[in-house]
Amino acid sequence: FGDDIMMLPSEGYLLRIFIGESDRHEGKLLYEWIVLKAREAGLAGATVMRGMMGFGAHSRLHTFKIERLSQDLPIIVEIVDTREKLESFLTLIDAEIEEGMATLEEIKIHFYRSGKTAD
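Just so it is clear, the model here is predicted, and its values are computed rather than measured.

A. Inspection of the overall build of the protein at higher detail. Helix and strand counts for the protein stand at two helices and eight strands. Listing every helix and strand of the protein by position from the N terminus yields β-β-β-α-β-β-β-β-α-β. Relative to all contacts within the protein whose residues are 6 or more apart in sequence, the contacts with residues 24 or more apart total 78%. Total accessible area on the protein is roughly 8500 Å²; 52% of this is exposed by carbon and sulfur atoms.

Here it is, written out as structure tokens:
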């Protein structure tokens, strides 16, 4: 592997952040801000997924309807890395997330590769 390939241990952690699609941080969509912060922090990777339906702490139902396109569908940001790096990242972003939920769980990493061949 080249020097730019990050290695992860087989035991890792998964951080899931549940927020609303329209949530913002300083004018930027919150999920975009989180992903950019994760990249800046050198985390292994992040994925953003849109939920079809859900509710959170306020029990407001968020759903996708053909007749009314919801602008606040549930969003899940998933980030995999070591526990230490994810806990440090959570400390960095915690105060900036006004509404939502974050979970952290231990996972098994089967492979982590870019698909690029070494020169």
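B. Representation of the nonpolar core. Grouped together as the largest cluster of nonpolar side chains are 18 residues, with contacts concentrated most on Ile17, Ile19, Ile34, Val77, Ile79, Phe89 and Ile97. Taken together, the elements giving at least two residues each to this core come down to strand S1 (11-20), helix H1 (30-40), strand S7 (74-81) and helix H2 (83-93). With five residues, H1 is the single largest residue contributor to this core. When near neighbours in sequence (up to four residues on either side) are disregarded, Ile97 contacts Ile17, Ile19, Leu30 and Ile34.

C. Broad picture of the layout of surface pockets. The volume enclosed by the largest pocket comes to roughly 440 Å³. When residues of the lining of the largest pocket are traced back to their parent elements, those giving at least two are S1, strand S5 (53-55) and S7. Of the residues contributing to the lining of the largest pocket, the split by class is nine nonpolar, seven polar and four charged.

D. Spatial organisation of unusual backbone geometry. Even without being a glycine, Glu26 presents a positive backbone phi close to 50 degrees. Taking the relative accessible area as the measure of exposure, Glu26 reaches 75% and is therefore exposed.

E. Spatial organisation of the pairing of S1. Extensive coverage of S1 is indicated by the burial of seven of its ten residues. Here S1 runs beside strand S8 (residues 101-108); their pairing, made up of eight bridges, is antiparallel. In the strand pairing of S8, Ile17 is matched with Ala102. Sheet topology places S1 next to S7; eight bridges connect them, and they run antiparallel. Considered in S7, the bridge of Tyr13 is made with Asp81.

The rules we used
Residues numbered from 1 in each chain as written. Predicted model: local features only at pLDDT ≥ 70, side-chain atom pairs only at ≥ 80, totals over all residues. Heavy atoms only, no water. Helix = DSSP H or I, 4+ residues; strand = E, 2+ residues; numbered from the N terminus. Contact = heavy atoms within 4.5 Å. Areas by Shrake-Rupley, 256 points an atom, 1.4 Å probe, with all protein chains shown as cover. Core = buried A, V, L, I, M, F, W, Y, C linked by side-chain atoms within 4.5 Å. Buried < 20%, exposed > 50% of the residue type's maximum accessible area, 1.4 Å probe, protein only. 1 Å grid on protein atoms, 1.4 Å probe; cavity = no way out; pocket = protein on both sides within 12 Å on 5 of 7 lines; lining within 4 Å. Points joined across faces, edges and corners; volume = space filled by probe spheres on them. Nonpolar A, V, L, I, M, F, W, Y, C, P; charged D, E, K, R; others polar. Pairing = 2+ DSSP bridges.

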